[in-house]
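# Coordinate inspection notes
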Amino acid sequence: MICADTGLLLHAWLDDELDVAQSAAMADHLQGCAACAARAREHERLRRALALAQLDLYRRAPAALHERWTPRHDDAAPPAALRPRRTSTVWAAAAGFAAALLLATPLFYTVQQRRGAGAALVDDAVSSHLRALQPQHLMDVASTNQHTVKPWFDGKLDFSPRVVDLAGAGFPLAGGRLDALNGRSVAALVYRRQLHLISVYQWPAATPDASAALRESRQQGYTVLRWIEDGMHYVVVSDVDPATLRQFAQELRQRTNGSDAPGTP
Amino acid sequence: MPNEAPAASPPPQPAIGARFEAVVLPWLDAAWNLARWLARDDADAQDVVQEAMLRALRYFDSFRGGDARVWLLAIVRNTYFTMRTRTPPGHLLEPLDEDVHVLSDEQASPEALTLLAVDVGLLRQALERLPPPWREAIVLRELEECSYKEIAAITGQRIGTVMSRLARARVRLKLELTHCVGEASHHDLR
């Protein structure tokens, strides 16, 4: 391989898109050629900088656009054909407001009250997750370390949330924050899955009985899973595909049942 | 920068089937990301994504499985380029003659590289300055994390073309960054 070839192939090599033979030839050449090796290092740095900035550079669709394209699923479903149009009218009226303002409008609460408590909770959780996606709102404590995140909640809540490390399962912890759902303070943990964020809300259940049943709903393109376990409510919200979120919930339940859960035998 | 939705009421939405919702809608953010980076403007991106989603809905019957993200991004891209030729703003019609843009990969100053590693604003600026085909290549590869094969499918190019576009795009991006950093250090270096 000569230096002229590396101009193109270097990038395919960095992207791991070369076959084994070409890869080996490239590695060979880089070992012997200081100029090409320096160039490779520069581009590697550029790629790393882009990877670090990926979350900031990635543009997410505005909430209003998600709204417009997501049919609403109520618990008691009215005739399906009418609904997308009606939803879009409601949201078109609200489109000029910023997302946070939107959540505070009376319109929103009127819509909410017509439905069951479960649906209200799902609404609340999705809103909170959306609000958290606004810049600067995501995390009160940003850390990938469960032993940093868990103590942070001390004295801020009347319970101690369970914080587990799921990095091994492909869901690294990103941080935590205080939030409110259904009018009470809850712990919100944020996990990542590639570019997607997953919010996990926790608070003590009024009745300690565990309901293992996982309830799933979809709203505005977000999947919401909720269950009660060991006297704690769990609500998980994300825009990852539902199968991945179910896998996340399963990992979370397994780990929570392990070392960290108080009161389990 | 707040995403301002256009004040005019959007056109009525056609009914969305459950399969479309499950297969295509999860990629709405991906569609927006590509459209927004191509258009560099919220209002234009809104038009492109809205039109692309309508097309996707219309042609959904012809979607024969496979990667819905690639399928949707190809539609977004085509929509952007057809809408662009309908109303061609001058600045978007930068010629891209690959032979003119020879691949001369000069070494960047160490100072420039140190700075770019920490400054997202500079990266964003430099990326926005790239001509569209190169910007697209970087966005699909580095932000959307597509493989060369996926990029080839989205852009309708051969893999070899994807490879050379990406190589040139990165060289140019490095150059833009060196410029940006040069300007930034002239004005203020916090």
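Residues numbered from 1 in each chain as written. Chains lettered and ligands numbered in written order. Predicted model: local features only at pLDDT ≥ 70, side-chain atom pairs only at ≥ 80, totals over all residues. Heavy atoms only, no water.

### Thoughts on the pattern of salt bridges
All told, the structure shown has 20 salt bridges over all chains when counted by the stated rule. Among the salt bridges present, the one from Lys174 of chain B reaches Glu42 of chain A, with a minimum N-O distance of 2.5 Å. Residue Lys174 of chain B is located in helix α9 (residues 159-187), and its partner Glu42 of chain A is located in helix α3 (residues 34-57); the two belong to separate chains. Its relative accessible area of 3% is what places Lys174 of chain B among the buried residues. (Salt bridge = Lys/Arg side-chain N within 4 Å of Asp/Glu carboxyl O. Helix = DSSP H or I, 4+ residues; strand = E, 2+ residues; numbered from the N terminus. Buried < 20%, exposed > 50% of the residue type's maximum accessible area, 1.4 Å probe, protein only.)

### Some details on the packing of aromatic side chains
Tallying each qualifying case throughout the model produces 10 aromatic pairs over all chains. Arranged with centres 6.5 Å apart and planes meeting at 45°, the rings of Trp69 of chain A and Phe20 of chain B form a pair that is tilted. Placement of Trp69 of chain A in helix α4 (residues 63-69) and of Phe20 of chain B in helix α1 (residues 18-23) is noted, with the two residues assigned to different chains. For the pair formed by Trp69 of chain A and Phe20 of chain B, the shared burial category is buried. Aromatic side chains Phe63 of chain B and Trp71 of chain B sit 4.8 Å apart centroid to centroid with 40° between the ring planes, which places their arrangement in the tilted category. Both residues of the pair, Phe63 of chain B and Trp71 of chain B, count as buried. Above the ring of Phe171 of chain A, the side-chain terminus of Arg193 of chain A is found at 4.5 Å from the ring centroid. (Phe/Tyr/Trp six-rings, centres within 6.5 Å; stacked < 30°, edge-to-face > 60°. Lys NZ or Arg CZ within 6 Å of the ring centre and 35° of its normal.)

### Quick notes on the environment of Leu214 of chain A
Residues and elements named next belong to chain A. Inspection of the secondary structure puts Leu214 in strand β5 (residues 211-219). According to the relative accessible area criterion, Leu214 is partly exposed, its value standing at 34%. For the pair formed by Leu214 and Arg226, sequence separation is 12 residues and the distance between their alpha carbons is 5.8 Å. Among all residues touching Leu214, those that are not within four sequence positions of it are Leu225, Arg226, Trp227, Arg246 and Arg253. (Contact = heavy atoms within 4.5 Å.)

### Comments concerning the state of the cysteines
All names here are of chain A. Across all of its chains, the model carries zero disulfides over all chains by this definition. Sulfur of Cys33: no disulfide; nearest cysteine sulfur belongs to Cys36 and is 3.7 Å away. Judged by its relative accessible area of 13%, Cys33 is buried. (Disulfide = S-S within 2.5 Å.)

### A word on the confidence of the model for chain A
Residue and element names in this part refer to chain A. When the pLDDT values of chain A are averaged, the result is 75; 74% of them are 70 or greater. With pLDDT under 50 throughout, residues 75-91 is counted as low confidence; its partners more than four residues away or in other chains account for 19 contacts. Within the model, the stretch residues 96-116 combines pLDDT values under 50 with 20 contacts to residues more than four positions away or in other chains. (pLDDT = per-residue confidence, 0-100.)

### So, the environment of Glu17 of chain A
Relative to the elements of secondary structure, Glu17 of chain A occurs in the loop between α1 (3-14) and α2 (20-32). Discounting chain neighbours no more than four positions away, the residues touching Glu17 of chain A are Ala12 of chain A together with Arg141, Ser147 and Tyr148 of chain B. Within the structure, Glu17 of chain A has its side chain in polar contact with the backbone nitrogen of Tyr148 of chain B (distance 2.9 Å). (Polar contact = N/O pair within 3.5 Å; in protein donor to acceptor, adjacent residues only side chain to side chain.)

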